[in-house]
Amino acid sequence: EPEVTQTPSHQVTQMGQEVILRCVPISNHLYFYWYRQILGQKVEFLVSFYNNEISEKSEIFDDQFSVERPDGSNFTLKIRSTKLEDSAMYFCASSVPLSYEQYFGPGTRLTVT
Amino acid sequence: SQQGEEDPQALSIQEGENATMNCSYKTSINNLQWYRQNSGRGLVHLILIRSNEREKHSGRLRVTLDTSKKSSSLLITASRAADTASYFCAPMDSNYQLIWGAGTKLIIKP
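Residues numbered from 1 in each chain as written. Chains lettered and ligands numbered in written order. Predicted model: local features only at pLDDT ≥ 70, side-chain atom pairs only at ≥ 80, totals over all residues. Heavy atoms only, no water.

1. Side note on the state of the cysteines
As enumerated under the stated definition, the model contains 2 disulfides over all chains in all. Residue pairing for A:C23: its cysteine sulfur links by disulfide to A:C92, the two sulfurs lying 1.9 Å apart. The sign of the S-S torsion, about -60°, decides the handedness of the disulfide formed by A:C23 and A:C92: left-handed. With A:C23 in strand 3 (residues 19–24) and A:C92 in strand 9 (residues 88–95), this residue pair connects regions lying 69 residues apart in the sequence. The disulfide partner of B:C23 is B:C89, and the gap between their sulfur atoms is 1.8 Å. Linking B:C23 in strand 3 (residues 19–24) with B:C89 in strand 9 (residues 85–93), this pair joins segments that are 66 residues apart in sequence. We classify B:C23 as buried; its relative accessible area is 3%. (Disulfide = S-S within 2.5 Å. Helix = DSSP H or I, 4+ residues; strand = E, 2+ residues; numbered from the N terminus. Buried < 20%, exposed > 50% of the residue type's maximum accessible area, 1.4 Å probe, protein only.)

2. So, the side chain of A:Q102
Here A:Q102 lies in the loop between strand 9 and strand 10 (103–104). If sequence neighbours within four positions are ignored, A:Q102 has contacts with A:Y33, A:Y35, A:A93, A:S94, A:S95, B:Q33, B:Y35, B:H45, B:M92 and B:L98. (Contact = heavy atoms within 4.5 Å.)

3. Description of the sheet that holds strand 3 of chain A
Residues and elements named next belong to chain A. What the 4 strands build is an open sheet, ordered 1-3-8-7; its pairing is antiparallel. The strands lining the two open edges of the sheet, one partner per strand, are strand 1 (5–7) and strand 7 (65–68). For this sheet, the mean inter-axis angle between neighbouring strands, taken without regard to orientation, is 20°. Bridge analysis of strand 3 against strand 8 (residues 75–79) gives 5 bridges, and the strand direction is antiparallel. By the bridge assignment for strand 8, V19 is matched with I79. (Pairing = 2+ DSSP bridges. Axes fitted to C-alpha atoms, helices over the stretch in contact; angles between N-to-C directions.)

4. Considerations on the pairing of strand 7 of chain A
All names here are of chain A. In this sheet, strand 8 lies alongside strand 7 in antiparallel orientation, the contact comprising 4 bridges. Directly across from S66, in strand 8, lies its bridge partner K78. The antiparallel pairing of strand 7 with strand 8 creates a hairpin that spans 6 residues between the two strands.

5. Details of the nonpolar core
Membership of the largest hydrophobic core comes to 22 residues, with the highest contact counts inside it found for B:L32, B:W34, B:L74, B:I76, B:Y87 and B:L106. Where this core is concerned, the elements lending two or more residues are strand 2 (10–14), strand 3, strand 4 (29–37), strand 5 (43–50), strand 7 (61–66), strand 8 (71–76), strand 9 and strand 10 (104–109) of chain B. If we ignore the near neighbours within four places in the chain, the residues touching B:I76 are B:E17, B:N18, B:A19, B:M21, B:R60, B:L61, B:D83, B:Y87 and B:L106. Ranked by size, the runner-up nonpolar core spans 21 residues in total, among them A:F65, A:L77, A:Y90 and A:C92. (Core = buried A, V, L, I, M, F, W, Y, C linked by side-chain atoms within 4.5 Å.)

6. Remarks on the interface of chain A and chain B
Reports often express the size of an interface as the amount of accessible area lost when the parts come together. In this assembly, 15 residues from chain A lie in contact with 22 residues from chain B. Summed over both partners, the interface of chain A with chain B comes to about 1,500 Å²; 59% of that surface belongs to carbon and sulfur atoms. Of all residues in chain A, the largest losses of buried area upon contact with chain B belong to A:K42, A:Y100 and A:F104, amounting jointly to 40% of the total for that side. Between chain A and chain B we count 0 salt bridges in total. Between chain A and chain B we count 3 residue pairs in polar contact (both at pLDDT 80 or more) in total. Breaking the side of chain A that touches chain B down by element, the ones donating at least two residues are strand 4 (31–37), strand 5 (43–50) and strand 9 of chain A. Class assignment of the residues belonging to the side of chain A that touches chain B gives a composition of 8 nonpolar, 3 polar and 4 charged. (Buried area = accessible area lost by both parts, 1.4 Å probe. Salt bridge = Lys/Arg side-chain N within 4 Å of Asp/Glu carboxyl O. Polar contact = N/O pair within 3.5 Å; in protein donor to acceptor, adjacent residues only side chain to side chain. Nonpolar A, V, L, I, M, F, W, Y, C, P; charged D, E, K, R; others polar.)

7. Structural notes on the sheet that holds strand 9 of chain B
Residues and elements named next belong to chain B. Read from one edge to the other, the open sheet built from 5 strands follows the order 2-10-9-4-5, with strand pairing classed as mixed. Each edge of the open sheet carries a strand with a single partner, namely strand 2 and strand 5. Pairwise comparison of adjacent strand axes, ignoring direction, gives a mean angle of 25° for this sheet. The pairing of strand 4 with strand 5 spans 7 bridges and is antiparallel. Counterpart to Y35 in the pairing with strand 5 is H45.

8. Some points on the packing of aromatic side chains
Considering all chains together, one arrives at 15 aromatic pairs over all chains under this definition. Centroid distance A:Y35 to A:F45: 5.8 Å. Interplanar angle 70°. Geometry classified as edge-to-face. With A:Y35 in strand 4 and A:F45 in strand 5, this residue pair connects regions lying 10 residues apart in the sequence. The residues A:Y35 and A:F45 share a single accessibility class, namely buried. Here A:F104 and B:W100 contribute two aromatic rings whose centre-to-centre distance is 5.7 Å and whose plane-to-plane angle is 90°, an arrangement assigned as edge-to-face. (Phe/Tyr/Trp six-rings, centres within 6.5 Å; stacked < 30°, edge-to-face > 60°.)

Keep in mind that these numbers describe shape and distance, not what the molecule does.
Written out as structure tokens, the structure reads:
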């Protein structure tokens, strides 16, 4: 069964460094999402992406965040200058048109020290 | 806040018993979805119920939706140890955005 994959599974970085989190959505899906979940807290929506542009973004998704679909398969989340409070699990999800079910990847645990 | 709110926050039951989790929300919705998350892992989609539906079944799962009360429930029948996980309700609002609550942590005791 096709699934969303994410790399790396765990990323440790120093404060102020740039990180890129990678996701490979399910191949026929056209809607892509990033969420984050700080340890022990609820899942928070960051951004949705469709047709090579951002369709929605939350207040969390400020100028230090960006998303890109550099090729036909990858979907990336870049954090330009990481802060301690960016430490969280980051989930990528994808869905097909006309379906509301989102399929989530296993997540990338980002630890900022 | 528009988020879904699950109740209870934690639930511990014996294997074989039924588990019921509730969810309330504040906004108007397109549909409501339930997800499961095993500790430290990704979110797995369980079931979606549309706003014009009142009840839906999938295997041992039964979901109800009452849009007049803005509430939903998830029933897991004949629970198993493998059902131990956190369960999240995620209403989808009119902008097709999922609104997440803090989840219910379910523990099934063998």
